[in-house]
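What follows is the residue order along each chain.
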Amino acid sequence: MAADNANFFERVYDVARQIPYGRVTSYGAIAKALGAARSARMVGWAMNASHLREDIPAHRVVNRNGVLTGKHHFDGTNLMQQLLESEGIKVKNNQIIDFEKHFWQPEIQF
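Residues numbered from 1 in each chain as written. Predicted model: local features only at pLDDT ≥ 70, side-chain atom pairs only at ≥ 80, totals over all residues. Heavy atoms only, no water.

**Student:** So what about the overall build of the protein? Which residues, and what values?
**Tutor:** On a plain count of helices and strands, the protein comes out with 5 helices and 4 strands. In the protein, the succession of α and β elements from N to C terminus is α-β-α-α-β-α-β-β-α. Its C-alpha radius of gyration of 13 Å places the protein within 12% of the 13 Å reference for a compact globule of 110 residues. Dimensions along the principal axes, computed over C-alpha positions, put the protein at roughly 35 × 25 × 20 Å. Counting across all 110 residues of the protein, residues that qualify as buried make up 44%. Put simply, 67% of the contacts in the protein that link residues at least 6 apart link residues at least 24 apart. For the protein, the computed accessible surface area is about 6,600 Å², with 48% contributed by carbon and sulfur atoms. (Helix = DSSP H or I, 4+ residues; strand = E, 2+ residues; numbered from the N terminus. Rg over C-alpha atoms; globule rule 2.2 N^0.38 Å. Buried < 20%, exposed > 50% of the residue type's maximum accessible area, 1.4 Å probe, protein only. Contact = heavy atoms within 4.5 Å. Areas by Shrake-Rupley, 256 points an atom, 1.4 Å probe, with all protein chains shown as cover.)

Right, here's the structure in full:
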């Protein structure tokens, strides 16, 4: 991984660690907070690369519509959904119920 990507990933992880328990944010919201609004896909790559890091709550990052698009990167069939539900977030058909209520907007980081 290029040094620039590694630094970007660490910045993504810094934001992800701030997501409050019982709340979610989107790949795009993290990208925008980092001043890289068009880099939502790279935020997704960072989340995918974080699966061995227990300090990153990657299960709290979903797509802009509240869909659990990263769920196949978690061990087990429904681990991402189970983690969210354990925090009081209801999920149906891989989508967060009342997404707006649970959405957390990260502060600008740059």
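**Student:** With reference to specific residues and values, describe the environment of Ala40.
**Tutor:** Looking at the secondary structure, you find Ala40 in helix α3 (residues 40-49). Sequence separation between Ala40 and Gly28 is 12 residues, and the spatial gap between their C-alpha atoms is 4.5 Å. Those residues in contact with Ala40 that lie beyond four places of it in its chain are Tyr27, Gly28 and Ala31.

**Student:** Outline unusual backbone geometry, listing residues and values.
**Tutor:** The phi torsion at Asn93 lies on the positive side, around 55°, for a residue other than glycine. Tracing the sequence through the fold places Asn93 in the loop between β3 (91-92) and β4 (95-96). One non-glycine residue with positive phi stands out, namely Asn94, at about 65°. Inspection of the secondary structure puts Asn94 in the loop between β3 and β4.

**Student:** How would you explain the pattern of salt bridges if you had to name every residue and give the values?
**Tutor:** Oppositely charged side chains can pair when the atoms bearing their charge come close. One pass over the full model with this rule turns up 5 salt bridges. One salt bridge in this structure joins Arg53 and Glu10, with 2.9 Å as the shortest N-O distance. Here Arg53 is found in the loop between α3 and β2 (61-62), whereas its partner Glu10 is found in helix α1 (residues 3-16), with 43 residues between them in sequence. Note that Arg60 is salt-bridged to Glu87, the shortest N-O span being 2.9 Å. Here Glu87 lies in the loop between α4 (79-86) and β3 and Arg60 lies in the loop between α3 and β2, a separation of 27 residues in the sequence. We note that Arg60, like Glu87, is buried. (Salt bridge = Lys/Arg side-chain N within 4 Å of Asp/Glu carboxyl O.)

**Student:** Help me get a handle on the packing of aromatic side chains, residues and values and all.
**Tutor:** If you walk through the whole model with that rule in mind, you get 2 aromatic pairs. Ring plane angle 70° and centroid distance 5.5 Å describe the contact between Phe99 and Phe103, whose orientation is recorded as edge-to-face. Owing to a relative accessible area of 22%, Phe103 belongs among the partly exposed residues under this scheme. (Phe/Tyr/Trp six-rings, centres within 6.5 Å; stacked < 30°, edge-to-face > 60°.)

**Student:** Let's hear about the side chain of Thr25: which residues, and what values?
**Tutor:** The topology assignment puts Thr25 in strand β1 (residues 25-26). A polar atom in the side chain of Thr25 sits 2.8 Å from the backbone oxygen of Trp104. Discounting residues that sit within four places of it in the chain, Thr25 has contacts with Ile19, Ile30, Arg60, Val61, Val62, Phe103, Trp104 and Pro106. (Polar contact = N/O pair within 3.5 Å; in protein donor to acceptor, adjacent residues only side chain to side chain.)

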